[in-house]
2 protein chains.
Amino acid sequence: MTERNAAPIAARPLRRDAAENRERLLDAAIQVFAEHGLDAGVDEVARVAGVGTGTLYRRFPTKQALIDELVGGMRRSILAVARRAALATDGSGIEDLLVGAGELQAAQSGCLRRLWNQSDAESDALNEFRSLIGVLLKSGQAAGRIRPDVTSTDVSMLLWSLRGVIESTVAAAPNAWRRHLELMIAGLRPVGPDGLSAVLSAKPMTVAQLRAATAAAPQS
Amino acid sequence: MTERNAAPIAARPLRRDAAENRERLLDAAIQVFAEHGLDAGVDEVARVAGVGTGTLYRRFPTKQALIDELVGGMRRSILAVARRAALATDGSGIEDLLVGAGELQAAQSGCLRRLWNQSDAESDALNEFRSLIGVLLKSGQAAGRIRPDVTSTDVSMLLWSLRGVIESTVAAAPNAWRRHLELMIAGLRPVGPDGLSAVLSAKPMTVAQLRAATAAAPQS
DNA sequence: GCTGATGCGGAACGCTCACTCCGCTTACGG
DNA sequence: CCGTAAGCGGAGTGAGCGTTCCGCATCAGC
């Protein structure tokens, strides 16, 4: 599902065994980080991959670089989901995006905290993602599926919140996040006849605040 | 706001300066953990408190014990909020609980991950809290403020989700969580006339799954 | 004030973990 | 098949952090 670029720029291609080990390391990292979180040691990743730590470090100069590689792949995947969601014509694209993002994150739950960290995001991809959210949101509102006072930052918060839920429940209940997401989407709907929740009294986050919040350095 | 029991059982009271240092340490811990997360070093806590690390360790046998003390206080506070919410007669108690829990967590955002960790929760308090959630939920549903297919585990998930949002946004946007909570509460309302989101297709978590998810060992 | 118990500080210890180094092995072009 | 560059493994290193220890300071009862 995740495209891996063999090397940033086409330098000399890796030797066959080396390329194979690289793939094994990435797979092992996904598994180990999902099981034990990012605090898992590099030795464990190397062990699961069936290589020595030296090999790991020749391929990825730091643990951070290894994580970045995984995160980069997820970012590309989620951006693809957003682009696909933008094809919907009935205003349901924003919901497709949320579900799709949930599925991707559930499949690779180890690096989610890094995933949404803006500080190291390539600006182009991030900007496109942001504008796609805006487009999808407007489309949903125009179709009457989403209440008009919802903002882009609300959607971002919702994604961030979903991340937290997935991160801590996939292991015990692989699909629990779907239920939670359904309830959150219900919260985005136009208000009912009783008028409860008709007015959102709290102001939405500013973009700057959102940036600051997601840029806050996560541990490890 | 948080009651601190001077010592588990009334052994000999602490010397005056020692008791003072104990308070200073707890205050410093709240501040430091809120700023840098639980990964912050004990030396930093001691430094902010203006004492040596030896003093910290004489009062709290491990870093974990210090954290537990903070968490215990929060648990008592939140239980009190739940009890107070149970006094509401119009079915809005569940919403009061959510808002109250949010406020408490926002005020002390360093140890939230531990806060909801069931594994080390005193069973009595936890059981009471659980049953209070059930009571509040039923009351809200009876009053027509909450859709009937919402379960206790849904509410627990919502609390868990709120935790994640607060943890990472209080610093940058102290009240952003209120907006998010409003939207989530809107999702709990009876469905509107258009019937969108009328049926929750995903099953709720079982209590066992919830237990497993929240018991999952958090890092550090 | 005197005295003993209680408390204090911070240097030192040891464990964990990211990262490095180097002698050995393996792929691959000619 | 051979030479060599590329790759490999895993013991070793150093830094960070939780925890301990012990000589000195401070409180409290008489």
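Rules of the game
- Numbering of residues starts from 1 in every chain and runs along the sequence as written.
- Both sets of labels track the order of writing: A upward for chains, 1 upward for ligands.
- pLDDT decides what is reported in this predicted model: residues at 70 or higher carry local features, side-chain atom pairs at 80 or more are listed and counted, and totals for whole chains, interfaces and linings draw on all residues regardless.
- The basis for every side-chain value is the complete set of heavy atoms in the structure, and neither hydrogens nor water enter the calculation.
- The pairing test for Phe, Tyr and Trp rings, Trp by its six-membered ring, is centres within 6.5 Å, and the orientation test on the planes gives stacked under 30 degrees, edge-to-face over 60, and tilted for anything in between.
- Only DSSP runs of H or I covering at least 4 residues are called helices, and only runs of E covering at least 2 are called strands; the numbering of each starts at the N terminus.
- A 1.4 Å probe rolled over the protein chains alone gives each residue an accessible area, and that area as a share of the maximum for its type sets the label: buried under 20%, exposed over 50%, partly exposed in between.
- Criterion for a charge above a ring: Lys NZ or Arg CZ within 6 Å of the ring centre, and within 35 degrees of the ring normal.
- Our superposition of the copies is a least-squares fit, built on the C-alpha atoms of residues whose pLDDT is at least 70 in both.
- Throughout, a contact is declared for two residues whenever any of their heavy atoms are within 4.5 Å.
- The term buried area means the drop in 1.4 Å probe accessible area that two parts suffer when joined, counted for both and summed.
- Note on definitions: salt bridges are taken to be side-chain nitrogens of Lys or Arg within 4 Å of carboxyl oxygens of Asp or Glu.
- For the purposes of these results, a polar contact is taken to be a pair of N or O atoms within 3.5 Å, where, inside protein, one atom must be able to donate a hydrogen and its partner to accept one; residues adjacent in sequence count only when each atom of the pair is a side-chain atom.
- One heavy atom suffices: a residue is near a molecule or strand as soon as one of its heavy atoms comes within 4 Å of it.
- Gly counts as polar in this scheme, as do all residues outside two lists: the nonpolar Ala, Val, Leu, Ile, Met, Phe, Trp, Tyr, Cys and Pro, and the charged Asp, Glu, Lys and Arg.

Caption draft 1: The arrangement of the packing of aromatic side chains in detail. All names here are of chain A. Going through the model one piece at a time under the given rule, you end up with two aromatic pairs over all chains. For the pair tryptophan 116 and phenylalanine 129, a centre-to-centre distance of 5.9 Å together with 40° between the ring planes defines the contact as tilted. Here tryptophan 116 is found in the loop between helix H6 (112-115) and helix H7 (123-142), whereas its partner phenylalanine 129 is found in helix H7, with 13 residues between them in sequence. Like tryptophan 116, the residue phenylalanine 129 is buried in the burial classification. Over the face of the ring belonging to tryptophan 160 we find arginine 163, whose NZ or CZ atom lies 4.3 Å from the ring centre.

Caption draft 2: Inspection of the relation of the copies chain B and chain A at higher detail. Placing chain B over chain A gives an RMSD of 0.0 Å and needs a rotation angle of 180°, together with 0.0 Å of translation along the axis. Both copies of the chain, as the preceding transformation shows, are related through a two-fold rotation axis. Here 100% of the contact residues of chain B are again contact residues in chain A; the copies associate through an equivalent surface.

Caption draft 3: A look at the interface of chain B and chain A. At the junction of the two partners, chain B supplies 51 residues and chain A supplies 51 residues. Interface area for chain B against chain A, summed over the two sides, is near 3900 Å², with a carbon-plus-sulfur share of 61%. The tally of links between chain B and chain A comes to two salt bridges. The partner of aspartate 154 of chain A in a salt bridge is arginine 179 of chain B, with the nearest N and O atoms 2.6 Å apart. Our count for the contact surface shared by chain B and chain A stands at 17 residue pairs in polar contact (both at pLDDT 80 or more).

Caption draft 4: Inspection of the protein's contact with DNA strand D at higher detail. Within the structure, DNA strand D sits among 24 residues, and Asn21, Gly54 and Thr55 of chain A together with Tyr57 and Lys63 of chain B are positioned closest to it. Protein-adjacent atoms of DNA strand D, using a 4 Å cutoff, are sugar or phosphate at a proportion of 64%. Arginine 15 of chain A is positioned such that a nitrogen or oxygen atom in its side chain is 2.9 Å from a base nitrogen of DNA strand D. Mapped by element, the contributors of at least two residues to the surface near DNA strand D are helix H1 (16-36) and helix H3 (53-59) of chain A together with helix H1 (16-36) and helix H3 (53-59) of chain B.

Caption draft 5: Quick peek at the protein's contact with DNA strand C. The immediate surroundings of DNA strand C are formed by 24 residues, with Lys63 of chain A together with Arg15, Asn21, Thr55 and Arg58 of chain B found nearest. A share of 65% is what sugar and phosphate atoms reach among the atoms of DNA strand C within 4 Å of the protein. Within the backbone of glycine 54 of chain B, an N or O atom sits 3.2 Å from a base oxygen of DNA strand C. At 2.6 Å from a phosphate oxygen of DNA strand C is found a side-chain nitrogen or oxygen belonging to threonine 55 of chain B. At the level of elements, H1 and H3 of chain A together with H1 and H3 of chain B are the ones that each hand at least two residues to the surface near DNA strand C. Looking at which element gives the most residues to the surface near DNA strand C, the answer is H3 of chain B, with five residues. The residue makeup of the surface near DNA strand C, split by class, is six nonpolar, nine polar and nine charged.

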